[in-house]
Amino acid sequence: MPTKAKAKPEVKKAAPAKKEPVAPKAKKVVVVEPKTPPPAHLFPKKNEKHDYTISEKLKALYELQQIDSKVDKIRIVRGELPMEVKDLEDDIAGLETRVDNYTAEVHQLEESIANKKNSIKDSNAAIKKYTTQQNNVKNNREYESLTKEIEFQNLEIQLSEKRIKEYSAEIVNKKMIIEAARGSFNERKQDLELKKKELDGIVEETQKEEQILMKKSEEAGQIIESRLLTAYKKIRNNARNGLAVVTVQRDSCGGCFNYIPPQQQLDVRQRKKVIVCEHCGRILVDPDIIG
Ligand SMILES: [Zn+2]
């Protein structure tokens, strides 16, 4: 920005071609930098930048604000999408774990059923053996004892059958849960694919747009002298919504919505000097300044 150079007093170079003796004081030229002005002088009344009127500078400021606000919006959108993608990825990971856990439980139940079926086989074999033995008993007591064994094995079989029914019902339940989780999983996965594509598209698209806007922002900044530009950036940084230049709407500041007195509104409309809102410090402009 050429403004800074303009603010410095001109420094005469000691001409080396001339043979006149150079005065020693010419060697140490003190460059006086302009001191930081008090806030009241932040917005100079006279055009520091030769060709541009205050009105033009205000217009440039307002345009700059609109460009910068667009950039802000782009960055917000781009900031939110990655979070949505992350949320979906978390959901998918959670569903995957759920499916895995339930599948493992189903396998365990199936194994238990197989075990119960084996023990039923064993019981049946035992019953067969005891029945044969009953044909060869020597006395009643032996016969009774075998009968008891057979009864016991029959009870074992009943118990196993009961368990098999229970396990089968549990398997049906768990499979339903797995099915539902798989459904959600597939849905989320599709959402994720879409979001990722969207994100890629937005990143690509907005990066181009952002670059164009940044260039425009720079161009608009050329019209405004550096002190005013610095003030603009400072206000923007401090403002929650990034607004440093606002219009007067319904007698109120478009930034903080406080009342703006008629005289100040008139000053704003006349565009002869830079008016700031006395409540929030934002620069006030006439909404008709553009177009
Ligand atoms: Zn205000």
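So, the environment of Lys174
Here is step 1: Within the secondary structure, Lys174 sits in helix α3 (residues 140-223).
Here is step 2: Judged by local crowding, Lys174 falls into the partly exposed class, with 17 C-beta atoms found within 10 Å.
Here is step 3: For the pair Lys174 and Glu105, spaced 69 residues apart in sequence, the C-alpha separation works out to 8.1 Å.
Here is step 4: Setting aside its immediate chain neighbours within four residues, Lys174 contacts Tyr102, Glu105 and Val106.

Here's the deal with the nonpolar core
Here is step 1: Core analysis: the largest hydrophobic core is formed by 25 residues, its most contacted members being Leu61, Leu64, Tyr232, Val245, Ile283, Leu284 and Val285.
Here is step 2: Secondary-structure elements contributing two or more residues to this core are α2 (54-134), α4 (226-238), β1 (245-249) and β4 (283-285).
Here is step 3: In this structure Leu64 touches Ser217, Ala220, Gly221 and Tyr232, once residues within four positions along its chain are discounted.

Points about unusual backbone geometry
Here is step 1: Even without a glycine there, the phi angle at Arg250 is positive, about 50 degrees.
Here is step 2: Along the chain, Arg250 turns up in the loop between β1 and β2 (252-253).
Here is step 3: A positive phi angle, close to 65 degrees, is found at Phe257, a residue other than glycine.
Here is step 4: As for its placement among the helices and strands, Phe257 is situated in the loop between β2 and α5 (262-270).

Overview of the packing of α2 against α3
Here is step 1: Two elements in contact, α2 and α3, have axes separated by 4 Å at closest approach and are oriented at 165 degrees. On the basis of their axis angle, the class for α2 and α3 is roughly antiparallel. Both α2 and α3 take part in a crossing whose hand is left-handed.
Here is step 2: Residue classes in the contact of α2 with α3 are distributed as 40 nonpolar, 14 polar and 30 charged.

Brief notes about the sheet that holds β2
Adjacent strands of a sheet form backbone hydrogen bonds with each other and so pair up, either parallel or antiparallel.
Here is step 1: The four strands are arranged β2-β1-β4-β3 in an open sheet whose pairing can be described as mixed. Pairing within the sheet leaves two strands with one partner each, and these edge strands are β2 and β3 (275-276).
Here is step 2: Pairing between β3 and β4: two bridges, direction antiparallel. Following the sheet pairing, Ile275 is matched in β4 by Leu284.

Here's the deal with α4
Here is step 1: With 13 residues, α4 should cover 18 Å at 1.5 Å per step; its first-to-last C-alpha distance of 18 Å lies within 8% of that length.
Here is step 2: Every buried residue of α4 is accounted for by Leu228, Leu229, Ala231, Tyr232 and Ile235. Here the buried residues of α4 occupy an arc of 160 degrees about the axis, which is enough to place them on one side. Residues of α4 that are exposed and angled more than 90 degrees away from the buried face: Thr230, Asn237 and Asn238.
Here is step 3: The inward-facing, buried residues of α4 contact α2, α3, β1 and β4.

Overview of the environment of Ile235
Here is step 1: Topologically, Ile235 is positioned in helix α4.
Here is step 2: With 23 C-beta atoms packed within 10 Å, Ile235 lands in the buried category.
Here is step 3: Sequence separation between Ile235 and Arg282 is 47 residues, and the spatial gap between their C-alpha atoms is 6.6 Å.

Cut-off values and rules
Residues numbered from 1 in each chain as written. Predicted model: local features only at pLDDT ≥ 70, side-chain atom pairs only at ≥ 80, totals over all residues. Helix = DSSP H or I, 4+ residues; strand = E, 2+ residues; numbered from the N terminus. Buried ≥ 20, exposed ≤ 12 C-beta atoms within 10 Å, placed from the backbone. Contact = placed C-beta atoms within 7 Å. Core = buried A, V, L, I, M, F, W, Y, C linked by C-beta atoms within 7 Å. Axes fitted to C-alpha atoms, helices over the stretch in contact; angles between N-to-C directions. Parallel < 35°, antiparallel > 145°, perpendicular 65-115°, else oblique. Left-handed = near helix turned anticlockwise from the far one by under 90°. Nonpolar A, V, L, I, M, F, W, Y, C, P; charged D, E, K, R; others polar. Pairing = 2+ DSSP bridges. Expected span 1.5 Å × (residues − 1). Arc of directions from axis to C-beta.

Nothing here speaks to function; it is all geometry.
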